[in-house]
Amino acid sequence: MLKAVRFDIYTTDEQGNHYDIEMQVSDPHNIAKRIRYYQTASSMEAYDKGQLYEQADDSYVIFFCNFDPFQLGQQRYVLHKHIDEIPEQIIEDGQTDILFNVPSLRHDVDPKMQAFLDMIAQRKVEATDPLVVKLKERIAVVKRNRKWRSEYMRRSVYEMDQEMREKKIREGERKIRDGKLELLEGKREIKEGQDRLKEKEQLIQEREQKLHENQQTIIKTSIVAMKALNIDETTIRKEIKEKFNLSDKEIKDYFAE
């Protein structure tokens, strides 16, 4: 669901490069589209009015995910545009997307980043690392700050509300898809039922026609046999009419042949 741009952390460095850092706790199953959304918003900040395109600052979108974002087993995924026909040819457009699989234990990143990932994952970290010490001190300050705690809670509630909305939308879309599939399945079953009914009706008609033909053969054979015994026509008509429950017209037609 589209929403107003709301970065977790947004900053720039001395060279003017832009950094958007996002924490992703739960897997929304649309991580690629989310990256695109944040990269678009971040890239717009990299362009000043009247500035030449080649002077635009670089833009980095960094996701720390509490899950494997692409389910490929990597600890870090770095994304760039490339030419499909020449995959190794990277397009230098100044955009870089980096995703970290926080639970991963591969240790494919440098020690400082590994320490940071371990802290996020609440794994044991050496307290002697300067970055770790600084982060722990900063966390302690934040925990003591009532205003920041309140803001954290407000943001958490906001994110949960957004996730609930997105979940309801996805659930609604799923129900619509399921409903359409059920409707198609119902139509298919009705069509199959109609086809089977037509086949049965055709079979009944064929059997009735066969019975009618057999009865005609028996009646004609009986008339011939009774005539051969010199039974008078009036008697034959009466016997045949009663035995086969024929109308006056039907019995007349047999004797007209």
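Not measured: the values here are computed from a predicted model.

Student: Tell me about the overall build of the protein chain, and name the residues and values.
Tutor: In terms of regular secondary structure, the protein chain is built from six helices and seven strands. In the protein chain, the order of α-helices and β-strands from amino to carboxyl end is β-β-α-β-β-β-β-β-α-α-α-α-α. Burial statistics for the protein chain: of 257 residues in total, 24% are counted as buried.

Student: Tell me about the nonpolar core, and please be specific about residues and values.
Tutor: Counting residues in each nonpolar core, the largest one holds ten residues, listed as I219, I223, M226, I236, I240, F244, L246, I251, Y254 and F255. Every element with two or more residues in this core is listed here: α4 (146-228), α5 (233-244) and α6 (248-256). Apart from residues lying up to four places away in sequence, I251 is in contact with R237, I240, K241 and L246. Membership of the second largest hydrophobic core comes to nine residues, among which are I31, I35, V61 and L99.

Student: Kindly report on the packing of aromatic side chains, identifying the contributing residues and their values.
Tutor: Pairs of aromatic rings are described using the distance from one ring centre to the other and the angle between the two planes. Going through the model one piece at a time under the given rule, you end up with six aromatic pairs. Between Y38 and F63 the ring centres are 5.9 Å apart and the planes differ by 70°, which places this aromatic pair in the edge-to-face class. Separated by 25 residues along the polypeptide, Y38 in helix α1 (residues 31-45) and F63 in strand β3 (residues 59-65) bring together distant segments of the chain. The burial state of Y38 is the same as that of F63; both residues are buried.

Student: Account for the pairing of strand β2 (residues 18-24), naming residues and giving values.
Tutor: A large share of β2 lies buried, amounting to five of its seven residues. The sheet contact formed by strand β1 (residues 9-12) and β2 spans four bridges and is antiparallel. Opposite Y10, over in β2, you have D20 as the bridge partner. From the end of β1 to the start of β2, which pair antiparallel, there are five residues, and G16 there has a positive phi angle of about 85°.

Student: I'd like a rundown of helix α2 (residues 111-120), residues and numbers included.
Tutor: Taken residue by residue, α2 has Q114, A115, L117, D118 and M119 as its buried positions. Looking at where α2 begins, the residue whose side-chain oxygen comes 3.1 Å from the main-chain nitrogen of K112 is D110.

Student: Describe in detail the pattern of salt bridges, supporting the description with residues and values.
Tutor: Taken as a whole, this structure holds eleven salt bridges when the rule is applied. E192 serves as the salt-bridge partner of R188, at 2.3 Å between the closest nitrogen and oxygen. Highlighted residues: R188 and E192, both in helix α4, separated by four residues, approximately one helical turn. Linked by salt bridges that have partners in common, E171, R174 and D178 make up one network.

What counts as what
Residues numbered from 1 in each chain as written. Predicted model: local features only at pLDDT ≥ 70, side-chain atom pairs only at ≥ 80, totals over all residues. Heavy atoms only, no water. Helix = DSSP H or I, 4+ residues; strand = E, 2+ residues; numbered from the N terminus. Buried < 20%, exposed > 50% of the residue type's maximum accessible area, 1.4 Å probe, protein only. Core = buried A, V, L, I, M, F, W, Y, C linked by side-chain atoms within 4.5 Å. Contact = heavy atoms within 4.5 Å. Phe/Tyr/Trp six-rings, centres within 6.5 Å; stacked < 30°, edge-to-face > 60°. Pairing = 2+ DSSP bridges. Polar contact = N/O pair within 3.5 Å; in protein donor to acceptor, adjacent residues only side chain to side chain. Salt bridge = Lys/Arg side-chain N within 4 Å of Asp/Glu carboxyl O.

Remember, this is a structural readout, not a statement about activity or role.
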